[in-house]
Amino acid sequence: MTSITTLDYYTDATEHAQWGERLTACGKAAGVTVEHRSVPGTSLVPQVLRQASSRTLPDLLMLDNPDLQQIARTGALTPLDRYGIDAAGYTEGIRSAGTYRGKVYGLAPTVSTVALFYNKDMLAEAGVAVPKTWDELKTAAAQLTRPGRYGMAVDANATFEGTWQFLPFLWSNGGDETRLDTPQAAQALQLWVDLVRSGSMSKSVLNWTQADVHDQFVAGKTAMMVNGPWRMSAMDKTKNLHWGVAPLPVRRPGQTLVTPLGGEVWTVPQNSSEARQQKAARVVACLNDSANMLALAEQYHTVPSRSSVAARYAEQAPSMAAFVKSVQGARSRTGKLGVEWPRAATGIYTAVQAALTGEQTPQEALRHAQRIATGS
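Definitions and cut-offs
- Here the residue numbers are simple positions, counted from 1 along each chain's written sequence.
- Totals for whole chains, interfaces and linings use every residue, but because this is a predicted model, local features are given only for residues with pLDDT of at least 70 and side-chain atom pairs only at 80 or more, for both listing and counting.
- The side-chain figures draw on all heavy atoms in the structure; neither hydrogens nor water molecules are used.
- Helix numbers and strand numbers start at the N terminus; a helix is a DSSP run of H or I with at least 4 residues, a strand a run of E with at least 2.
- To estimate how far a helix should reach, multiply one less than its number of residues by 1.5 Å.
- Accessibility here uses a 1.4 Å probe with only protein chains present; expressed as a share of the type maximum, an area under 20% marks a residue as buried, one over 50% as exposed, and anything in between as partly exposed.
- Any pair of residues with heavy atoms lying within 4.5 Å of one another is described as a contacting pair.
- Any two cysteine sulfur atoms within 2.5 Å of one another count as a disulfide.
- Within 6.5 Å between ring centres, the rings of Phe, Tyr and Trp (the latter by its six-membered ring) count as paired, and their orientation is classed by plane angle as stacked under 30 degrees, edge-to-face over 60, tilted in between.

A. Summary view of helix α8 (residues 183-197). Between its terminal C-alpha atoms α8 stretches 20 Å, which fits the 21 Å expected from 15 residues at 1.5 Å a residue. Taken residue by residue, α8 has Ala-185, Ala-186, Ala-188, Leu-189, Leu-191, Trp-192, Val-193, Leu-195 and Val-196 as its buried positions. Among the structural elements, α6 (134-144), β9 (150-153), α7 (160-172), α15 (341-356) and α16 (362-374) are those in contact with the buried residues of α8. Immediately beyond the C-terminal end of α8, within one or two residues, lies Gly-199, with a positive phi of roughly 85°.

What follows is the structure, encoded as structure tokens:
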């Protein structure tokens, strides 16, 4: 039997084993043996870039969706329509995440985004409704704050993860990564500044990762948080934690919530064997069939990428409904700027840090962010 190689960043022992089983099953259906390798997330793109230049890429490659542009630009990937793989039934945002210069190079079986998690008991005790607008969020966070407990928590650290958490506030208010120094962007950043200044949000958010935010929430040290559905398994195992999840608030009623799209795409790199490329493409198609989408979504608390499958999933998993709804309008981070996205992302988290420390006003911080984004 032909064998193909695959590379991803699922280094967690359980996750690696689970993906290994799924890849093996899809390989069997395609008539190949799959040799499965995982490297740490930070090592994946540098390794792929080295392998692209030495023409030693794996037959099947998983990429975090914002990294696809960078790799496709090198000519290392093959467009999936070459193999008759159909991208119908995916939302525009999901298709965009796997697209470079009008061609689809990667497809994600499932995707994710962020939403507002809240502690049901704390909200009930304080007589607070789940906030739907920014003013309601500020009021609720203030009412929920007590000694030893903050009302709200986000990840505002100086990484792309901090940017990812800020994007729903920026985008839903009409802010845009192509022009960061706008009143709409300043309003979004002012919201976070107000939450910290009022004492409703800890200054430590400047250093927290999404994992830290989750730890604060399960420890009862924050009543609400921005986080992703991948945290649900751990929250379900926490005794006496009664949590709910809702779409993130928007500045004013009637605004459309726009969140960033997370998830990994599967791609078929260029190599010397057309036969192996065809087999790898069959595995990509298998991972993206409805049955695997649903199984992966259930396993990892993610959202199936095809809208019809996602709708079915929301009915059987009500706690995922807020994420399914948000994904419908979610945007790819590289959709507008393509390979220039990392500079804008750096500008955004730099502005968040400067504004939350009080070093600069939101307006000053965003003017500086715009200079970082344009390299000027």
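After that view of the structure, there is still more to cover.
B. Spatial organisation of the state of the cysteines. The tally for this structure, following the rule as stated, stands at 1 disulfide. There is a disulfide in this structure between Cys-26 and Cys-286, and the S-S distance comes to 2.1 Å. An S-S torsion of about -75° defines the bridge between Cys-26 and Cys-286 as left-handed. Of this pair, Cys-26 sits in helix α1 (residues 13-30) while Cys-286 sits in helix α11 (residues 274-287); the two residues are 260 residues apart in sequence, bridging distant segments of the chain.

C. Broad picture of the packing of aromatic side chains. A full pass over the atoms with the stated rule returns 11 aromatic pairs. Ring geometry for Trp-19 versus Tyr-300: centroids 6.3 Å apart, planes at 5°, classification stacked. Separated by 281 residues along the polypeptide, Trp-19 in helix α1 and Tyr-300 in helix α12 (residues 290-300) bring together distant segments of the chain. Exposure remark for Trp-19: the relative accessible area of 4% places this residue in the buried category.

D. Summary view of the environment of Lys-120. Here Lys-120 lies in helix α5 (residues 120-126). Using a relative accessible area of 44% as the deciding quantity, one classes Lys-120 as partly exposed. As for Lys-120 and Asp-194, which are separated by 74 residues in sequence, their C-alpha atoms are 24 Å apart.

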